Amino acid sequence: MRILLTLSAVLMMFYCGYWVAGSRLLLTGVEVALNDAKAAGQIDYAGVSLKGFPSRFDVTVDAPSLTSPDGRLAWSAPFLQVMALSYRPTHVIAVWPHEQTVDVAGDTIAVTTVDMRASATVGATTALPLDHSTLEVKEGALASGAGWSARFADALFATRAAGADGTRHDLWLSVGGLVLSGPAGAVPGLGLKGDATAGFSAPLDRFAAQAGVRVTDLSLKTLTVTMGTAQLTAAGDLTIGASRMPEGRILISVKDWTAFLNAAVAAGLIAPEVAPTWAEGLTRYAALSGDPKVLELPLVFQSGMMSLGPFPLGPAPAL
């Protein structure tokens, strides 16, 4: 019995030493990474702390904010918490606060959620390559300063490494109970599911920020949007060059397209005064397929511009 007690005490001392050493090493690494990103103008934060003894490493970053290199996209929150079990450090869990703020091209969007958390598993190498990840959101809402809003019951986004070099990942997206609201009214009952594979310019690992990883191509296997009996499906391939401008086409097929046109007007995506022009043009285009209720249009990205069938949409977004 004395030998067992002594062995238990020795093992406990070793474990405590492991936790203390591991926590100091982790905290130092996080602070170095944050300070490097802050010096580069990519991130700002008020402070960072670590706790969780004895079973976890819990890192909390206070008042974090991120800004894209071109300044068009920014995010901030009161805190961000990242946790890992001390005996399984390659599995990481992140928890967001109930309130966040996103700024897209000058439009400030308030984001509220009942629960938002993600988990990621990385490879057991010094580069920590991403193997798979999952982001889950319960009861989310977005309120834009431009006058539109959205809410949804649940959302799921998942990734999985699709190749040995870490530059390709399968993507999955699902959103349920989506309601969009605009100046003219609300669009209820939307469902969204997507399946795609994306290529990146470098592996998604701990060196990704330094390497300036960008998306190089996107293969959209299927994207389905449902609204009652109306359904929109899309599939296609895009390539993205160093300028981050997409090139390629995505074929969109819409069943009961008038319902989606009315929804776009209600959400403020199409101005009411130009809606009749859209309806006339789409009616003529749908007649070419032989079924006036089914519309097939290519979404084309070319030379920095995008168009939907015969309709020019303007500059393409940088990806």
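Just so it is clear, the structure is predicted and the values come from calculations on it, not from any experiment. (Residues numbered from 1 in each chain as written. Predicted model: local features only at pLDDT ≥ 70, side-chain atom pairs only at ≥ 80, totals over all residues. Heavy atoms only, no water.)

(A) Representation of the packing of aromatic side chains within the structure. This model, assessed by the stated rule, comprises one aromatic pair. Taking 4.6 Å as the distance between ring centres and 15 degrees as the angle between the ring planes, the aromatic pair formed by Trp-278 and Phe-311 counts as stacked. One end of the pair, Trp-278, is in helix H4 (residues 275-287); the other, Phe-311, is in strand S19 (residues 311-315), with 33 residues separating them in the sequence. An identical accessibility class is assigned to Trp-278 and Phe-311; each is buried. (Phe/Tyr/Trp six-rings, centres within 6.5 Å; stacked < 30°, edge-to-face > 60°. Helix = DSSP H or I, 4+ residues; strand = E, 2+ residues; numbered from the N terminus. Buried < 20%, exposed > 50% of the residue type's maximum accessible area, 1.4 Å probe, protein only.)

(B) Expanded view of the pattern of salt bridges. Going through the model one piece at a time under the given rule, you end up with five salt bridges. Taking the shortest distance from any N to any O, the salt bridge between Asp-170 and Arg-160 comes out at 3.2 Å. Taken as a pair, Asp-170 in strand S12 (residues 168-182) and Arg-160 in strand S11 (residues 149-161) lie far apart in primary sequence, ten residues in all. The buried category is assigned to Asp-170, whose relative accessible area is 16%. Judged by relative accessible area, Arg-160 falls into the exposed class, the value being 52%. A salt bridge links Asp-217 to Arg-168; its shortest N-O distance comes to 3.0 Å. Residue Asp-217 is located in strand S14 (residues 215-227), and its partner Arg-168 is located in strand S12; the two are separated by 49 residues in the primary sequence. A single network of salt bridges, built from pairs that share partners, joins Arg-160, Asp-170 and Lys-221. (Salt bridge = Lys/Arg side-chain N within 4 Å of Asp/Glu carboxyl O.)

(C) Structural detail: the nonpolar core. Counting residues in each nonpolar core, the largest one holds 50 residues, and the members touching the most others are Ile-250 and Ile-252. The biggest single contributor to this core is helix H3 (residues 257-266), with seven residues. Ignoring anything within four residues of it in the chain, the contact list for Ile-252 reads Leu-232, Thr-233, Ala-234, Leu-295, Glu-296, Leu-297, Leu-299 and Leu-308. (Core = buried A, V, L, I, M, F, W, Y, C linked by side-chain atoms within 4.5 Å. Contact = heavy atoms within 4.5 Å.)

(D) A look at the pairing of strand S7 (residues 88-95). The pairing of strand S6 (residues 79-85) with S7 spans five bridges and is antiparallel. Residue pairing for S7: Val-82 is matched across the bridge by Ala-94. Both S7 and strand S9 (residues 107-122) contribute to a ladder of five bridges, which runs antiparallel. In the sheet register, Val-92 faces S9, and the bridge partner there is Ala-120. (Pairing = 2+ DSSP bridges.)

(E) Just the confidence of the model for the protein, in detail. Of the residues in the protein, 86% reach a pLDDT of 70 or more, and the chain-wide mean stands at 83. Contacts for the low-pLDDT stretch residues 4-12, under 50 throughout, to residues beyond four places or in other chains number zero contacts. Within the model, pLDDT remains below 50 along residues 14-23, and this stretch shows 17 contacts once partners closer than five positions in the same chain are excluded. (pLDDT = per-residue confidence, 0-100.)

(F) The packing of H3 against H4, seen in detail. In contact at an axis separation of 11 Å, H3 and H4 are set at 160 degrees when each is read in the N-to-C sense. When the interaxial angle is binned, H3 and H4 end up roughly antiparallel. Helix-helix and strand crossings are classified by hand; for H3 and H4 the assignment is right-handed. Across from Trp-257, Leu-261 and Val-265 in H3, the residues of H4 making contact are Ala-275, Trp-278, Ala-279, Leu-282, Thr-283 and Ala-286. Class assignment for the residues of the contact of H3 with H4 results in eight nonpolar, one polar and no charged. (Axes fitted to C-alpha atoms, helices over the stretch in contact; angles between N-to-C directions. Parallel < 35°, antiparallel > 145°, perpendicular 65-115°, else oblique. Left-handed = near helix turned anticlockwise from the far one by under 90°. Nonpolar A, V, L, I, M, F, W, Y, C, P; charged D, E, K, R; others polar.)

(G) Highlighting H3. Within H3, seven of the ten residues are buried, leaving the element largely enclosed by the surrounding structure. Listed as buried for H3 are Trp-257, Phe-260, Leu-261, Ala-263, Ala-264, Val-265 and Ala-266. Positive backbone phi, at 85 degrees, marks Gly-268, one or two positions downstream of H3.

(H) Region of interest: the environment of Thr-125. Inspection of the secondary structure puts Thr-125 in the loop between S9 and strand S10 (130-144). The class of Thr-125 is partly exposed, set by a relative accessible area of 45%. When the C-alpha positions of Thr-125 and Asp-205 are compared, they lie 10.0 Å apart, and in sequence the two are 80 residues distant.

(I) Geometry of the environment of Arg-88. Inspection of the secondary structure assignment puts Arg-88 in strand S7. Each C-alpha atom, one on Arg-88 and one on Thr-121, is 9.8 Å from the other, the two residues being 33 residues apart in sequence.

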